[in-house]
Amino acid sequence: MKIGINGFFLTRPYTGFGEYTIGYLSALSKIDAHNHYVIYTPKKVSLALGKNFKIKVIAPVNFLGISLAKLWWEQFQIMADARHEKCDFVHHFYPVYSILFPGTRQIDSIHDTIPWTFPGYNYSFSTRLLRKFIAYSAQRANLVLTVSATSQEEIIKNFFIAPQKVKMIYNGYDQLLDKKILLGKIEQVLQKYHITRPYIFYLGGFDIRKNVKNLVLAFAKVNKNIPENLILAGGVFSPQKRLYADYYELPDIIKRNRLQGRVALCGPIEVEDLPALYQGASFFVSPSRAEGFNIPVLQALASGNAVACSNVSATKEIAGKCALMFDPDKIEEIADSLYSLSRDKKTRNDYEQKAFSRAREFSWDKSARELLKIYEEFIC
């Protein structure tokens, strides 16, 4: 087979799409020396792959403006080259089926339907138009891949795609996360981000569905009775204040609840620092109301963290019975979970033991083997 890969998000490795793309390509490179891959990127990237993997840079037409240039790159530029390369099909690692090349077989990876179904994400006419276009084009994909049974069900329901066209493969995680980090290295990384132990760790976005506001309000109820501070890691990548209303309220919430010095926002985290930050934490918390997968929860489990998380959406699916769960809309339940994992050492140890066994059910190697099998069936 000769497979075209839309590798746009290789240029944005810290995003969910970026981790997904890197995880699959790195794993495929280890297990597949027979098929040929043409990976399209808008600029040069550094990724060590096998000889049968060719990274091909195709520059966007920048005079169109950033958004239109990206759309033209996805819809026409890489597809025209894939036809020239005689690719058997093109796999887009995010939802962007090209309607300009219906004769070229295409696979779409759709990670979730949150932007289409969760309130607050369609904040402008252009955004709503883009959402409709993506949903319309996804219906025309020859095959759709997704990352959880939760997302699989929602895609079939909300995009009106035939069930037999939607396949599910779980994500994996970086194996460096379950390697034991020396205490000295952990302390070095903590100093870099001005973090002191003990701490509760949150990593993720700050858009409204992430529910960080309720997490901080819950922490306010128990902070005087637990030793840990609350560390909030992650960034804001959009100017849309309505979408990030919780984030912009945080300084006032922290001040009103006298949490200065107890709650810290440390910004985006470099990938190589993640193992130390997870392993340095007392435990991990994820209060999200909606997820297509929840990579941070899997990363925390792989790191051996006890995890407190929402009992909804794909978060519940990925954590299984190996995390302490709460209703994300009930601040008291979140607070009780924080208190339990902080003060009840036996409960925390029990969930730490469960974390490793649950994480080992996921790996990029396993995912890549399942993907390769789907590729082989798809071409027949």
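Residues numbered from 1 in each chain as written. Predicted model: local features only at pLDDT ≥ 70, side-chain atom pairs only at ≥ 80, totals over all residues. Heavy atoms only, no water.

## A few points about the overall build of the protein chain
Here's step 1: Check the secondary structure of the protein chain and you find 14 helices and 13 strands.
Here's step 2: Across its three principal directions, the C-alpha atoms of the protein chain cover 65 × 45 × 40 Å.
Here's step 3: Sorting the 380 residues of the protein chain into buried and exposed places 54% on the buried side.
Here's step 4: Sequence-distant contacts in the protein chain: of pairs separated by 6 or more residues, those separated by 24 or more amount to 66%.
Here's step 5: Split by element, the accessible area of the protein chain, about 17,500 Å² in all, is 55% carbon and sulfur.
Here's step 6: Each charge sign in the protein chain was given a centre, from 49 positive and 36 negative side chains, and these centres are 3 Å apart. (Helix = DSSP H or I, 4+ residues; strand = E, 2+ residues; numbered from the N terminus. Buried < 20%, exposed > 50% of the residue type's maximum accessible area, 1.4 Å probe, protein only. Contact = heavy atoms within 4.5 Å. Areas by Shrake-Rupley, 256 points an atom, 1.4 Å probe, with all protein chains shown as cover. Lys, Arg positive; Asp, Glu negative; His and termini not counted. Charge placed at Lys NZ, Arg CZ, Asp CG, Glu CD.)

## Things to note about the pattern of salt bridges
Here's step 1: What the rule picks out here adds up to 20 salt bridges.
Here's step 2: Among the ionic pairs, E361 bridges to R358, the shortest N-O distance being 2.7 Å.
Here's step 3: Classification of E361 as partly exposed rests on a relative accessible area of 43%.
Here's step 4: One continuous salt-bridge network, built from bridges that share partners, spans K2, K54, K56, D81 and E85. (Salt bridge = Lys/Arg side-chain N within 4 Å of Asp/Glu carboxyl O.)

## What about the sheet that holds strand 2 (residues 36-41)?
Here's step 1: Sheet architecture is open: seven strands sit in the order 3-2-1-4-5-6-7, paired in parallel fashion. The open sheet has two edge strands, strand 3 (53-57) and strand 7 (166-168), and neither has a second partner. Taken over all neighbouring pairs, the strand axes of this sheet differ in orientation by 25° on average, direction set aside.
Here's step 2: In the sheet, strand 1 (residues 2-6) pairs with strand 4 (residues 89-92) via four bridges, with the strands oriented parallel. Among the inter-strand pairings, I5 is bridged to a residue of strand 4, identified as H91.
Here's step 3: Packing of helix 1 (residues 16-31) onto the sheet brings it into contact with strand 1, strand 2, strand 3 and strand 5 (106-109), and relative to strand 3 it is tilted by some 145°.
Here's step 4: Against the sheet, helix 5 (residues 149-159) engages strand 6 (143-146) and strand 7, with an angle of about 170° to strand 7. (Pairing = 2+ DSSP bridges. Axes fitted to C-alpha atoms, helices over the stretch in contact; angles between N-to-C directions.)

## Thoughts on the packing of aromatic side chains
Here's step 1: For the structure shown, the criterion picks out 27 aromatic pairs.
Here's step 2: Ring geometry for F9 versus F17: centroids 4.9 Å apart, planes at 70°, classification edge-to-face.
Here's step 3: Overall, the relative accessible area of 9% leaves F9 in the buried class.
Here's step 4: Overall, F17 belongs to the partly exposed group, its relative accessible area being 26%.
Here's step 5: Between Y20 and W364, the ring centres sit 6.3 Å apart and the planes meet at 80°, which makes this aromatic pair edge-to-face. (Phe/Tyr/Trp six-rings, centres within 6.5 Å; stacked < 30°, edge-to-face > 60°.)

## Some words on the sheet that holds strand 10 (residues 263-267)
Here's step 1: Across the sheet, six strands lie side by side as 10-9-8-11-12-13; this open sheet has parallel pairing. Each of the sheet's edge strands pairs with one partner strand only, and the pair in question is strand 10 and strand 13 (324-326). Sheet twist, expressed as the average angle between the axes of neighbouring strands with direction ignored, equals 25°.
Here's step 2: Of the pairings in the sheet, the one linking strand 8 (residues 199-203) to strand 9 (residues 229-233) comprises five bridges and is parallel in character. Directly across from L203, in strand 9, lies its bridge partner A233.
Here's step 3: Each of strand 8, strand 9, strand 10 and strand 11 (283-286) is contacted by helix 7 (residues 212-222), which is oriented at about 170° to strand 9, the strand it contacts most.

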